[in-house]
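# Fold and contact review
So you can see what is in the structure, the chains are spelled out below.
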Amino acid sequence: MRFGYVRGGIRRPSAPIFDPATQSWDALFLAPYAASPWAGTASLGTSGSRSLAEATNPPTAGTPVNGKAPSTYNGTTQKLTDAANISTYITTTEGTATACIYVAGLTGGSATGYDNPGILVDLAGGNFGLHVGGAGNDKFVAYLYDSIVGAKKAEITIPLTTYIYIQFRWKASTGTCEARLNGGAWVPLSAGAMTNINGTLASLAAVGRDYAQTKFFNGSILALACSKTLKSDGELDYFRNYLNAAYTGISV
């Protein structure tokens, strides 16, 4: 927290400046979005060098929130992909993935974690993903395939047609593997402690579709961020406060 003026000998704190560019992110995409490519936002990490693009079926610029348009996906064809592998965003043993999204509708949900419309996935392997759907078509699904214990997932019920803030983080050295919604309680992923995500994450980072490119996200993305480290509650809450301040009108 920065400090403001001094009156009567008492230093009075002023409001914090919520700016994720003061944190280290390996991917950071923030509205406004206009058209493909969606250039990464600079931070203390490598996020400014990232870019999401699609030549044929890119998302459109959606309804602005506080003057900033999200990337909006039609649920059937629209998507974005990074030219670099998802290993530039996260690691197999540690990482954080988070997004501020609006879910317009849900179809094609599955009890199998990777087989759901994707917010962010590794395109070829289906070893990692932020998804929406689930067997009841009403869930945020955090999924990874652990090389030791197999499929791990957490499903958290979400509201539709409102913005939400989803978070997923993991760390092998502590066994941490958990997800949460809007700064609520962390929900552990099934099947025990974290070992490592299967494979090398050598496939592309895809946004708006599942790894098989058959199930697509229907909704909007205001923000998407990833780190090769496990972000603390404080860091994620800082980002959450930024979202609520930058995109006036949402409450995540």
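To keep things clear, this report deals only with the structure shown in the data block. (Residues numbered from 1 in each chain as written. Predicted model: local features only at pLDDT ≥ 70, side-chain atom pairs only at ≥ 80, totals over all residues. Heavy atoms only, no water.)

Another aspect to go through is the sheet that holds strand S4 (residues 38-39). Read from one edge to the other, the open sheet built from eight strands follows the order S4-S5-S8-S17-S10-S11-S12-S13, with strand pairing classed as antiparallel. With one partner strand each, in any of the chains shown, S4 and strand S13 (150-157) form the two edges of the open sheet. (Pairing = 2+ DSSP bridges. Helix = DSSP H or I, 4+ residues; strand = E, 2+ residues; numbered from the N terminus.)

Attention now moves to the pairing of strand S8 (residues 80-85). Across two bridges, the pairing between strand S5 (residues 51-53) and S8 is antiparallel. Of the residues in S8, the one forming a bridge with Leu52 is Asp82.

Moving on to the packing of aromatic side chains. Following the criterion strictly, the structure yields 13 aromatic pairs and no others. Ring centres of Tyr73 and Phe217 lie 5.8 Å apart, and the angle between their planes is 50°; this geometry places the pair in the tilted category. With Tyr73 in strand S7 (residues 71-74) and Phe217 in the loop between strand S17 (204-207) and strand S18 (218-227), the pair connects residues that are 144 residues apart, well separated along the chain. Phe217 shares its class with Tyr73; the two are buried. Pairing Phe128 with Phe168 gives two aromatic rings, centres 5.9 Å apart and planes at 5°, and the pair type is stacked. Of this pair, Phe128 sits in strand S11 (residues 128-133) while Phe168 sits in strand S14 (residues 163-171), placing them 40 residues apart in sequence. With relative accessibility at 1%, the residue Phe128 sits in the buried group. You can call Phe168 buried: its relative accessible area is 0%. Among the aromatic residues, ring-to-ring pairing joins Trp25, Tyr165, Phe239, Tyr242 and Tyr247 into one connected group. Positioned above the aromatic ring of Trp25 is the side chain of Lys231, whose terminal nitrogen or guanidinium carbon lies 4.7 Å from the ring centre. (Phe/Tyr/Trp six-rings, centres within 6.5 Å; stacked < 30°, edge-to-face > 60°. Buried < 20%, exposed > 50% of the residue type's maximum accessible area, 1.4 Å probe, protein only. Lys NZ or Arg CZ within 6 Å of the ring centre and 35° of its normal.)

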